[in-house]
Amino acid sequence: MSSDELKAMGDIVEPLVRQGQSFEAIWSNHTDELPVCVRTMYNYQNDGHFKLANLELPAKVRRKPGKKVSKGAVSRVDRTGRTYDDFEALPLEDRVRVVQGDSVCGFEHNKHDILSLHIVARGFQSYFRKRHADAEATVACIDAIEMACGSREEFEEWCPILLLDRGVEFDDWEGIERSCLEPGKRRCRVFYCDPMESNQKSPAERNHQQLRRLLPKGRTNFDALTCTDVATCCCHVNSYPLPTHSGKCGFDLIGGLLSQEALDVLGFGKVAPDDVVLKPYLMKHAVEQ
């Protein structure tokens, strides 16, 4: 390549990396403008052709081995019929529609955290600010989503099966399953992973790395985040191209599963590819430097 061609590549790649985008994501949105493949881009970076430090590239997540639960542990809640084995026994057409739920936390003293709901088949993540370790607050979030959907049927289309861990915030499975728009009717079915087995909902766990690029662990004050801030994070994360989905983003994949009216009520909207930011400065008021 000529020096002019390298400079043209750098003009595209360098500012987007500084916004937190990976080479894979940049290549997905600028395929026609980049004359080399992703692997060659990494080679050029290693050879010093881009004005970027390797530290600026998104890091791969390293996981610690999970802890083993004590055999004598006693469950707080009767989860009969809602265990992971019960989930595995569902027909495949039900299991592939699963939504995996989790909580993303800030400092230990924070009174708020983020409820994360990941539609596995669509690669779409929803984030909601709620009170920390509070089962009632979790039910309130689910109620708000159903009301945004406008009907129990539309909510059930979006979230028919919910797979959760055994955190105290998810203890009220009856409240989570019960429709707030049609009392006495069920809007979804809840199942729980085995104790200390986060790998059973690994897609949700893996996708937290994108949110953590905005809200780094150990540096983010979740009490400083507003509901609008959390929705903004959701917009940027779901506008980011996914290598596992041929470079499409969550908003491309969600299709008609959530109506535009529901997305508008929730404050979720697609961000232009070159405006996507996955760096802490997007939420600098809540992130310690």
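What counts as what
Residues numbered from 1 in each chain as written. Predicted model: local features only at pLDDT ≥ 70, side-chain atom pairs only at ≥ 80, totals over all residues. Heavy atoms only, no water. Helix = DSSP H or I, 4+ residues; strand = E, 2+ residues; numbered from the N terminus. Rg over C-alpha atoms; globule rule 2.2 N^0.38 Å. Buried < 20%, exposed > 50% of the residue type's maximum accessible area, 1.4 Å probe, protein only. Contact = heavy atoms within 4.5 Å. Areas by Shrake-Rupley, 256 points an atom, 1.4 Å probe, with all protein chains shown as cover. Lys, Arg positive; Asp, Glu negative; His and termini not counted. Charge placed at Lys NZ, Arg CZ, Asp CG, Glu CD. Pairing = 2+ DSSP bridges. Axes fitted to C-alpha atoms, helices over the stretch in contact; angles between N-to-C directions.

J.: Quick question: what am I supposed to make of the overall build of the chain here?
T.: Of the regular secondary structure elements, the chain holds 12 helices and 5 strands. The C-alpha radius of gyration computed for the chain amounts to 20 Å, which stays within 12% of the reference 19 Å derived for 289 residues, consistent with globular compactness. C-alpha extents for the chain along the principal axes are approximately 70 × 40 × 40 Å. A buried classification covers 48% of the 289 residues belonging to the chain. Counting contacts in the chain only where the partners sit at least 6 residues apart, residues at least 24 apart contribute 69% of the total. Surface accessibility of the chain: about 14,800 Å² in total, with carbon and sulfur atoms responsible for 51%. Here the chain contributes 38 positive and 44 negative side-chain charges, whose respective centroids are spaced 5 Å apart.

J.: Any chance you could explain the sheet that holds strand S5 (residues 189–192) here in plain terms?
T.: Sheet strands pair by backbone hydrogen bonding; their relative direction is either parallel or antiparallel. In space, the 5 strands of this open sheet follow the order S3-S2-S1-S4-S5, with mixed pairing throughout. Two strands in the sheet have a free side with no partner beyond their single neighbour: strand S3 (124–131) and S5. Strand-to-strand twist of the sheet, defined as the mean angle between neighbouring strand axes without regard to direction, takes the value 25 degrees. In this sheet, strand S2 (residues 112–119) lies alongside strand S1 (residues 98–104) in antiparallel orientation, the contact comprising 6 bridges. Of the residues in S2, the one forming a bridge with Ser103 is Leu115. Contacts from helix H9 (residues 202–214) reach S1, S2 and S3, with the element oriented near 50 degrees to S1. Contacting S2 and S3, helix H10 (residues 227–238) crosses the sheet at an angle of about 165 degrees to S3.

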